[in-house]
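Each chain, letter by letter, is given below.
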Amino acid sequence: MSDTQTMIENRPPSVANLFLERVAATPNGEAYRYPVASGEGPDDWKSLSWEQASTRVFAIAAGLIDLGVQAEQRVALASDTRIEWILADLGILCAGAATTTVYSSTNAEESAYILSDSDSRVLIAENAAQLAKARERRAELPELQHVVVIDADGDLAAEGDPEGWVLSLADLEARGAAYLEKNPDAVKERIGAITADQLATIIYTSGTTGKPKGVRLPHDNWSYMAKAIAATGLLNSEDVQYLWLPLAHVFGKVLTSGQIELGHVTAVDGRIDKIIENLPVVQPTYMAAVPRIFEKVYNGVAAKARAAGGAKYKIFLWAAGVAREYAKVSQDNFRRTGTASVPFGLGAKHKVADALVYSKLREAFGGRMRACVSGSAALAPEIGYFFAGAGIHILEGYGLTESSAASFVNPGEAYRTGTVGKPLPGTEVRIADDGEILLRGPGIMEGYHGLPEKTAEVLESDGWFHTGDIGELSADGYLRITDRKKDLIKTSGGKYISPAEVEGQFKAVCPYVSNVLVHGADRNFCTALIALDEPAILGWAEEQGITGKSYAEVVADQRTVALVDGYVQELNQGLQRWQTIKKFRLLPRDLDVEHGELTPSLKLKRPVVERAYKELIDDMYAGTREA
């Protein structure tokens, strides 16, 4: 048996066990960094050692035990990504309970549904706004016995609250510390009693239709993920991770397990508007992100170069072309020969472009970034090649909530842009006759909470899980995702089209695009709804003398329409005839999470967008004869 197999097969029953092992191994090692607001200036960053983190985690766990929380009972967590989210989640796990994750952006109605469906006994809420949602729907939540508030300013209790219903996180920790004085082994006993098949987490998928489904993930899922991530060899104990992803999402959550196994530092701050500011301060060696972040960085760099004048923009465009060529050639050579060599002439051009453009881009990422992991949605290959050539290596990965997030990831130096890499050690994959990707392994969910029929639709008795994604496996095991099974478009002419593929190509062509939806199912041609990146298009508008106008006014201007039309024509030149975009409409605002058009991980909710802009879609087909 290989060391990797031994490592994975001899895993402990839970991440709570791994946490105990980590604290014992490196008690004084730095575990977490987190920002503390410091008025007008930049945030100060504070650190917690593993020993300090464990003191707080144990206090939270003991506080929950003192509140009467039993093994496998649910404790919900409604908060943005921050240090307290991680400590609270570990506290829940160490108490033998199970975390129900709730996005802070979830409205009161859906929050109440999740709390009720999961039978959550306690809610750990970030602030007064999250508390208010629970209070508004308290009559529907007879099981909810306590709400613990992280940012507790002033008196939290309100008229009508049952006695002791609301308390602060500080109160809970103080209560836990007092409980541990009398019962010093209480938390360790709870951890010792955890079994691998015991429920650890319920994550509700943000479905595009109907109520969200609760995905039941036992302790063994996270223990396996921790060991499998370590076994890839991509990370080590000296790494510094910058963690901003929503921890209510499985992609963010899995990163906390891998970190505990490896023992490296995690700098945690979920404020998306602080990413660019934080990177040079944190100087991370790796970061996980969704494609939209890389697209925004690319668009921002391109817009900055354009604003600097004709010569600088020409240099940027030349450097971007060199980066893509360099990445493609070096990856191809590595695949064939095992060395990422390039011809002398290309190498010389790359060196010049590095001095002029790429080095500044790397500095913006903190100067020490070894690799970024991209997941949750497809990254446009041309954007991936640009960053690869610039020395910011984006390792695409793949997984679902139902597979504990990390099922595939690209292997270090041997990564291939446009693929999601190879399966994690211990995960099996096969492609069904219709092209659907099937997965089996220790990361696969137990099932959907309270929905045995829905579980049976996707999970076979022998463990194979139907992902709903279409893909292709190369001879040497690299997976390429081509589309969601349900998202494939079949035109009225009988041609199948992958909208995600066309959308990705457009994002690589047009530096102003934010979101794009290709439509064409049962139609005789394809159309697109296009939302533009507000800072980028307003910057362009200023250059054109379109001043003092709102975003909606700028996108309605015929000069903007003509600009985007040029990029659509450029896109069409590289497509098959039946894939081409015959008509498009610019949206009066960008798509967002608040309007329910994007999931919290920034994936497009196609049915929601198509319903919201049905009139625009119908207008594009008005007067045409549908075959």
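Our structure is the block above this text.
Residues numbered from 1 in each chain as written. Predicted model: local features only at pLDDT ≥ 70, side-chain atom pairs only at ≥ 80, totals over all residues. Heavy atoms only, no water.

**A look at the pattern of salt bridges**
The tally for this structure, following the rule as stated, stands at 36 salt bridges. For the salt bridge of Glu-84 with Arg-82, the shortest nitrogen-to-oxygen distance reads 2.7 Å. Arg-82 matches Glu-84 in its accessibility class, with the two residues each being buried. Taking the shortest distance from any N to any O, the salt bridge between Arg-559 and Asp-557 comes out at 3.1 Å. Looking at Arg-559, the relative accessible area reads 45%, which means it is partly exposed. By relative accessible area, which is 14% here, Asp-557 ends up buried. (Salt bridge = Lys/Arg side-chain N within 4 Å of Asp/Glu carboxyl O. Buried < 20%, exposed > 50% of the residue type's maximum accessible area, 1.4 Å probe, protein only.)

**Some details on unusual backbone geometry**
Within the chain, Glu-72 stands out as a residue other than glycine whose phi angle is a positive 70°. Structurally, Glu-72 is set in the loop between α3 (50-66) and β3 (74-78). Residue classification places Glu-72 among the partly exposed residues on the basis of a relative accessible area of 31%. The residue Asp-119 is not glycine, and still its phi comes out positive at about 55°. Looking at the element boundaries, Asp-119 is found in the loop between α5 (108-117) and β5 (120-125). Overall, Asp-119 belongs to the partly exposed group, its relative accessible area being 34%. (Helix = DSSP H or I, 4+ residues; strand = E, 2+ residues; numbered from the N terminus.)

**Some details on the side chain of Arg-416**
Relative to the assigned elements, Arg-416 resides in the loop between β15 (408-409) and β16 (422-423). Look at Arg-416 and you get buried, because its relative accessible area is 12%. Here the side chain of Arg-416 touches Asp-476 through a polar contact of 2.4 Å, side chain to side chain. Here Arg-416 is in contact with Gln-331, Arg-335, Asn-410, Ser-474, Asp-476 and Tyr-478, once residues within four sequence places are set aside. (Polar contact = N/O pair within 3.5 Å; in protein donor to acceptor, adjacent residues only side chain to side chain. Contact = heavy atoms within 4.5 Å.)

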